[in-house]
Amino acid sequence: MNISTNTALKPGTTRDTLDRRFCIAPMMDWTDKHCRMFHRILSKNTVLYSEMVTSGALIFGDKHRHLAYNEGEHPVALQLGGSDPIDLAKCARLAQEYGYDEVNLNVGCPSDRVQNNMIGACLMEYPEKVRDCMSAMQDAVDIPVTIKHRLGIDNLDSDELLHHFVDTVQTSGCSTFIVHARKAILQGLSPKENRDVPPLQYDRVYKLKQAFPELEIIINGGIKTLDDSQEHLKHVDGVMMGREAYQNPYILAEVDSALYGISQQVMSRIEAVEAYLPYIEEQLRQDVYLNHISRHILGIFHGMPGGKQFRRLISEEAHKRGAGIEVIQQALAKIKEFN
């Protein structure tokens with residue numbers, strides 16, 4: 001595991017053994033193990049989060065399919081969805097047995113499906129229940145147990161209620177709170193709309209850190225640049241970037257130098273894809289379909305000459321039966337024609 005000990009940006013950090021000053025958010029259908037492996041090529045220090053896995057899927061489903069990852073992904077966290085303390089404790093133990101560096105509880109997802117199973121943002125209405133879940137997981141494992149939540153839900157949306165939620169949950173021993181700086185509207189908005197419609201309120205996350213200086217507070221929501229990240233780090237302990245990191249992954253190439261203070265030469269976009277080729281070949285030998293891997297690199301040439309041709313060739317060819325590494329090589333050749 002490659003974790004920076006440089007604390008120049010955050011002399012008063014409250015972080016534990018993981019340096020979460022920059023993280024990539026858990027994103028359903030996006031941050032699978034192939035995506036995380038590509039992101040790790042671009043940044044050695046960013047903390048990576050899995051897609052949310054429900055406790056039921058782990059207890060009753062194919063554990064290995066949900067938990068398998070690449071050793072090169074560290075530091076990597078498993079995000080869980082659930083509300084039963086006993087089940088979540090079992091799943092936290094599985095995360096530790098598999099070697100994850102952290103287990104995180106999702107208290108932010110607003111979808112109807114998870115609400116109906118008492119998972120996600122709806123749990124903000126029940127801070128004592130969340131505390132009990134966190135306590136059970138803390139008791140079950142030695143790795144850090146963290147939480148990701150919203151500012152509030154529906155009409156339960158005030159600093160007083162937010163601070164009560166955090167104050168209640170932190171009695172479990174949880175010291176890391178990842179806060180999406182929007183409330184969730186559970187009735188009337190889709191999950192997609194909940195990522196954009198409720199206004200961002202970064203100042204409320206800053207106030208939360210001021211009210212709980214002993215806690216590690218990570219800010220999430222609408223963060224698009226490393227300059228934005230540096231500004232947030234003046235007020236909180238860490239930044240979690242979501243869609244921008246996926247759609248424009250090359251932003252990660254400067255994270256280690258810009259945010260972790262590590263002096264190094266930044267790899268080019270072409271170098272990043274070429275460094276990923278051995279992984280792609282290894283996965284193809286394991287009968288993984290090329291498009292399951294290649295979809296995560298489509299944004300690497302975002303805004304660059306030849307980027308559209310790169311994306312088009314991969315999109316048209318990678319899903320075909322028998323598609324191999326030559327598809328990526330041909331797409332790279334298109335890029336090199338323009339650069």
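Before reading on, note that the structure itself is shown above.
Residues numbered from 1 in each chain as written. Predicted model: local features only at pLDDT ≥ 70, side-chain atom pairs only at ≥ 80, totals over all residues. Heavy atoms only, no water.

K.L.:
Got a minute to help me understand helix α4 (residues 85-98) in this structure?
P.N.:
For α4, which comprises 14 residues, the first-to-last C-alpha distance of 20 Å matches the rise-based estimate of 20 Å (1.5 Å per residue) to within 8%. Those residues of α4 that fall on the buried side of the exposure criterion are L88, A89, C91, A92, L94 and A95. Structurally, α4 contributes buried residues whose contacts are with α2 (55-60), α3 (63-67), β3 (76-81), β4 (102-107) and α6 (127-140). The N-cap of α4, judged by a side-chain oxygen 3.1 Å from the amide nitrogen of I86 a few residues on, is D84. Where α4 terminates, the next one or two residues include G99, which has phi positive at roughly 95°. (Helix = DSSP H or I, 4+ residues; strand = E, 2+ residues; numbered from the N terminus. Expected span 1.5 Å × (residues − 1). Buried < 20%, exposed > 50% of the residue type's maximum accessible area, 1.4 Å probe, protein only. Contact = heavy atoms within 4.5 Å. Polar contact = N/O pair within 3.5 Å; in protein donor to acceptor, adjacent residues only side chain to side chain.)

K.L.:
Can you help me understand the packing of helix α7 (residues 159-170) against helix α9 (residues 202-211) in this one?
P.N.:
The N-to-C vectors of α7 and α9 enclose an angle of 50°; their axes lie 11 Å apart at closest approach. As summarised for this structure, α7 and α9 are arranged oblique, according to the angle between their axes. When you trace α7 past α9, the crossing you get is right-handed. Residues D159, L162, H163 and V166 of α7 touch α9, and the partners they reach there are R204, K207, L208 and A211. Looking at the contact of α7 with α9, its residues break down into four nonpolar, one polar and three charged. (Axes fitted to C-alpha atoms, helices over the stretch in contact; angles between N-to-C directions. Parallel < 35°, antiparallel > 145°, perpendicular 65-115°, else oblique. Left-handed = near helix turned anticlockwise from the far one by under 90°. Nonpolar A, V, L, I, M, F, W, Y, C, P; charged D, E, K, R; others polar.)

K.L.:
How should I be thinking about the sheet that holds β4 in this particular structure?
P.N.:
Two modes of strand pairing occur in sheets, parallel and antiparallel, and in both the strands are linked by backbone hydrogen bonds. Taken in spatial order, the eight strands close into a barrel running β1-β2-β3-β4-β5-β6-β7-β8, and their pairing is parallel. Averaged over all neighbouring strand pairs, the angle between strand axes comes to 25°, with direction disregarded. As judged from the five bridges shared by β4 and strand β5 (residues 145-150), these two strands associate in the parallel manner. Across the sheet, the residue bridging to V103 is V145, located in β5. Seen against the sheet, α7 touches β4, β5 and β6 (176-180) and runs at an angle of roughly 165° to β5. Taken strand by strand, α9 contacts β6 and β7 (216-220), and its axis lies near 175° from that of β7. (Pairing = 2+ DSSP bridges.)

K.L.:
Even after reading the chapter, I still don't get the side chain of N70, so can you show me in this structure?
P.N.:
Positionally, N70 belongs in the loop between α3 and β3. Taking relative accessible area as the criterion, N70 reaches 11% and is therefore assigned buried. Within the structure, N70 has its side chain in polar contact with the side chain of Y279 (distance 3.2 Å). Those residues in contact with N70, other than ones at most four positions away along the chain, are K33, M37, Y279 and Q283.

K.L.:
Help me out: how do you make sense of helix α13 (residues 269-285) in this one?
P.N.:
Residues spaced three or four apart along an α-helix point in a common direction, a consequence of the helix completing one turn every 3.6 residues. For α13, built from 17 residues, the straight-helix expectation of 24 Å at 1.5 Å per residue is met to within 8% by its first-to-last C-alpha distance of 25 Å. At L277, α13 shows its maximal bend, which comes to roughly 30°, and the proline P278 appears one to four places after that position. Within α13 the residues assigned to the buried category are R269, A272, V273, Y276, L277, Y279, I280 and Q283. Buried positions along α13 lie against α1 (33-42), α14 (290-294) and α16 (325-338). Looking at the residues trailing α13, positive phi occurs at D287, about 70°. (Bend = angle between axes of the 7 residues up to and from the residue.)

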